[in-house]
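Structural characterization, general
Below are the chains, spelled out letter by letter.
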Amino acid sequence: MEDAKIVISKRAARFLNDGDVVNLGIGMPEMVANYLPEDVHVIFQSENGIMGMSSAATAENEDTNRSNAGGKYVTVIPGASFFDSATSFGLIRGGHVDATILGALQVDEEGSLASHIIPGKLVPGMGGAMDLVAGAENVIVITTHTDKKGTPKILKKCTLPLTAYKRVKWIITELAVIESTADGLVLREVNAESSVEEVVAKTEAKLIIPENVATF
């Protein structure tokens, strides 16, 4: 199977629609901009104050004045705008972001998310995640299906402090695409190199399995 982060980023990019304003979280979500289909035109927003962010910069087009919320240098599209954090979070909290793509430590059956606290480790906090998951219309979590030890990250109930309660709409991993619904987590797609059985075995949460599960 292709590198998990690339598999996840490519599938997440195909979730976006023409005209969407999309916020990309720090880490793996930043990769999504590199795999946007050519026929899809979205406006990427960075919470540190960019509207019209594009893919990661290369050595040839790097500009040290343009970096995303994770401090990585990025490119921008023609007509991009730059503004302060107050304006940026006014847009986020005002409901002007159509979708946010962010990582997770844990997601549970209710669509709740834990994304920022690791026991025993000093971390800077949740950043703008709480604002984004509350303000965005479509919350898409991208994460590896298990952690490095093979422990499931999709749980019956989050055990870490919550970033958001019942706000996640979609979960995309290297193995599956899962929709969070009022009835529970529905398995919508499975990686063509995996199987429903493998996904179920690596998921603590109960999954609703439709008669037809697509592949990606």
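As shown above, the structure is provided for reference.
Residues numbered from 1 in each chain as written. Predicted model: local features only at pLDDT ≥ 70, side-chain atom pairs only at ≥ 80, totals over all residues. Heavy atoms only, no water.

Re the side chain of asparagine 191
With respect to the helices and strands, the residue asparagine 191 is situated in the loop between β12 (184-190) and α4 (196-201). What makes asparagine 191 buried here is its relative accessible area of 5%. Within the structure, asparagine 191 has its side chain in polar contact with the backbone oxygen of glutamate 174 (distance 2.8 Å). When residues no more than four places from it in sequence are discounted, the contact partners of asparagine 191 are Met1, Val7, Glu174, Leu175 and Phe216. (Helix = DSSP H or I, 4+ residues; strand = E, 2+ residues; numbered from the N terminus. Buried < 20%, exposed > 50% of the residue type's maximum accessible area, 1.4 Å probe, protein only. Polar contact = N/O pair within 3.5 Å; in protein donor to acceptor, adjacent residues only side chain to side chain. Contact = heavy atoms within 4.5 Å.)

Considerations on the pattern of salt bridges
Think of it this way: side chains of opposite charge can pair up when their charged atoms draw near. Counted under the stated rule, the structure contains 11 salt bridges. For glutamate 30, the salt bridge is made with lysine 72, and the minimal N-O distance between the two is 3.0 Å. Taken together, the residues glutamate 30 in the loop between β1 (21-24) and β2 (43-46) and lysine 72 in the loop between β3 (50-56) and β4 (74-82) connect sequence positions 42 residues apart. According to the relative accessible area criterion, glutamate 30 is buried, its value standing at 14%. A relative accessible area of 45% places lysine 72 in the partly exposed class. For glutamate 179, the salt bridge goes to arginine 188, with nearest N and O atoms at 2.9 Å. Among the charged side chains, a network of salt bridges with common partners joins Glu110, Lys157 and Lys166. (Salt bridge = Lys/Arg side-chain N within 4 Å of Asp/Glu carboxyl O.)

Considerations on helix α2 (residues 85-93)
For the α-helix, the turn length of 3.6 residues means that residues three or four positions removed from each other point alike. Taken as a whole, α2 has its buried residues at Ser88, Phe89 and Ile92. Each buried residue of α2 sits inside an arc of 90° when the element is viewed along its axis, so together they form one side. Positive phi appears at glycine 95, one or two residues downstream of α2, with a value of about 80°. (Arc of directions from axis to C-beta.)

Examining helix α1 (residues 4-13)
Listed as buried for α1 are Val7, Ile8, Ser9, Arg11, Ala12 and Ala13. Against β8 (138-142), β10 (170-172), β11 (176-181) and β12 lie the buried residues of α1. If you check the start of α1, you find a side-chain oxygen 3.1 Å away from the backbone N of lysine 5, and it comes from aspartate 3.

Fair warning: the whole summary comes from geometry, so function is off the table for now.
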